[in-house]
Amino acid sequence: MRLDKLLGNSGVGSRKDIKALVKSGAVTVNGVTAAKSDMPVNAEGDEVCVNGVKIVYKEFIYLMLNKPQGVVSATEDFKYKTVIDLVPEKLRHYDLFPVGRLDIDTEGLLILTNDGAYAHNMLSPKKHVYKTYLAHLDGDVTEDDIKRFADGITIDGGYTCKSAVLKPAGDKSATVQICEGKFHQVKLMFKAVGKSVLYLKRIKFGEFTLPDNLPLGEVVEVEPTIK
Ligand code: URA
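Structural notes, computed from the coordinates. (Residues numbered from 1 in each chain as written. Predicted model: local features only at pLDDT ≥ 70, side-chain atom pairs only at ≥ 80, totals over all residues. Heavy atoms only, no water.)

### Some thoughts on the pairing of strand β10 (residues 131–137)
In regular strands, side chains alternate between the two faces of the sheet. Within β10, five of the seven residues are buried, which leaves it mostly tucked inside the rest of the structure. One ladder, built from six bridges, connects β10 with strand β12 (residues 173–178); its direction is antiparallel. Each bridged residue has a counterpart across the sheet, and for Ala 135 the counterpart in β12 is Ala 174. The pairing of β10 with strand β13 (residues 197–205) spans seven bridges and is antiparallel. Each bridged residue has a counterpart across the sheet, and for His 136 the counterpart in β13 is Tyr 199. (Buried < 20%, exposed > 50% of the residue type's maximum accessible area, 1.4 Å probe, protein only. Helix = DSSP H or I, 4+ residues; strand = E, 2+ residues; numbered from the N terminus. Pairing = 2+ DSSP bridges.)

Next up, the structure:
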């Protein structure tokens, strides 16, 4: 990999900034001042420093976002704030995108990454990645609802969902665990049993659980153990 690419991917600055840094002698590779910004380096083996500070190079990054309502799960939008707008400036140089979507009025756990293969696996219907949602409803769930979710409920459009685990979670609230991700799936599943979702939050996605102490709109870096 080229030195300027490694530094650029690490958020050191623009290609022009990096050229100037190298020219000024601020960049060393294995303790030797780098002569040219396009010199080849080994991202794993070489120690690259800028002004004596070691650069920790990461090709891929994974962020857990507690998505607020009113924000769209997209990288750009003409009308609404996007989940990428919530990423701190120092991480913006990664080419991040959301792993799947939450509706604009859904809150909770969304993974942002620049690792396309990881995203693909997380979303692949073949992988059966579990997602759990907390829903506030306009009524209490019944034993019949639980059974119908477990048996596979047919939603608008005629699709029969895979078996889902529905559990009451207090007054007019429930958690639902699903292993697929059809458009508006949870809302449509409840609609099929005559209930409206008043509030929806994703609390689990695969191996990740939304931490109680992660404020809405904030991200925390995570490292998947399953890729
Ligand atoms: N199901 C929905 O209905 N909405 C979401 O945002 C996610 C799952």
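Right, picking up where we left off after that structure.
### Here's the deal with the packing of aromatic side chains
Applying the stated rule across the entire model yields two aromatic pairs. A ring pair is formed by Tyr 62 and Tyr 118, whose centres lie 5.0 Å apart and whose planes are at 75°; its orientation type is edge-to-face. Placement of the pair is Tyr 62 in strand β5 (residues 62–67) and Tyr 118 in helix α3 (residues 116–123), with a sequence separation of 56 residues. There is no split in this pair, since Tyr 62 and Tyr 118 are both buried. (Phe/Tyr/Trp six-rings, centres within 6.5 Å; stacked < 30°, edge-to-face > 60°.)

### Considerations on the side chain of Glu 107
Positionally, Glu 107 belongs in strand β9 (residues 106–113). The side chain of Glu 107 sits in the buried core without any salt bridge; Lys 201 is the nearest counter-charge, 5.2 Å away. A polar side-chain atom of Glu 107 sits 2.7 Å from a polar atom in the side chain of Tyr 199. Glu 107 has contacts with Lys 67, Pro 68, Gln 69, Leu 102, Tyr 199, Leu 200, Lys 201, Arg 202 and Leu 216, leaving out every residue within four places of it along the chain. (Lys, Arg positive; Asp, Glu negative; His and termini not counted. Salt bridge = Lys/Arg side-chain N within 4 Å of Asp/Glu carboxyl O. Polar contact = N/O pair within 3.5 Å; in protein donor to acceptor, adjacent residues only side chain to side chain. Contact = heavy atoms within 4.5 Å.)

### Description of unusual backbone geometry
The general pattern is negative phi for most residues beyond glycine and trans for most peptide bonds. Positioned with a positive phi, Asn 30 is a non-glycine residue whose angle comes to about 50°. By the element assignment, Asn 30 lies in the loop between β1 (27–29) and β2 (32–33). On the accessibility criterion, Asn 30 (46% relative accessible area) is partly exposed.

### With respect to the site of the ligand
Around the ligand, a shell composed of Leu 102, Asp 103, Thr 106, Tyr 133, His 184, Gln 185, Val 186, Lys 187 and Leu 200 is seen. In this structure, an oxygen atom belonging to the ligand sits 3.2 Å away from a main-chain N or O atom of His 184. Between Lys 187 and the ligand, the recorded distance is 3.1 Å, taken from a backbone N or O atom to an oxygen atom. The protein chains hide 95% of the 240 Å² of surface that the ligand would expose on its own. The cavity that encloses the ligand is the largest pocket. Per element, the largest residue contribution to the shell around the ligand is three residues, and it comes from helix α5 (residues 185–192). Looking at which domains feed residues into the shell around the ligand, each of domain 2 (62–124 + 208–221) and domain 3 (130–205) gives three or more. (Near = heavy atom within 4 Å. Areas by Shrake-Rupley, 256 points an atom, 1.4 Å probe, with all protein chains shown as cover. 1 Å grid on protein atoms, 1.4 Å probe; cavity = no way out; pocket = protein on both sides within 12 Å on 5 of 7 lines; lining within 4 Å. Sits in = over half its atoms within 2 Å of the grid points. Domains from an automatic or database assignment.)

### What to know about the environment of Lys 167
Considering the arrangement of structural elements, one finds Lys 167 in strand β11 (residues 165–168). Taking the C-alpha atoms as reference points, Lys 167 and Thr 142, 25 residues apart in sequence, are found 9.5 Å from one another. Apart from residues no more than four positions distant in its own chain, Lys 167 is found in contact with Ala 174 and Thr 175.

It is worth stressing that arrangement in space is one thing and function is another; only the former is reported here.
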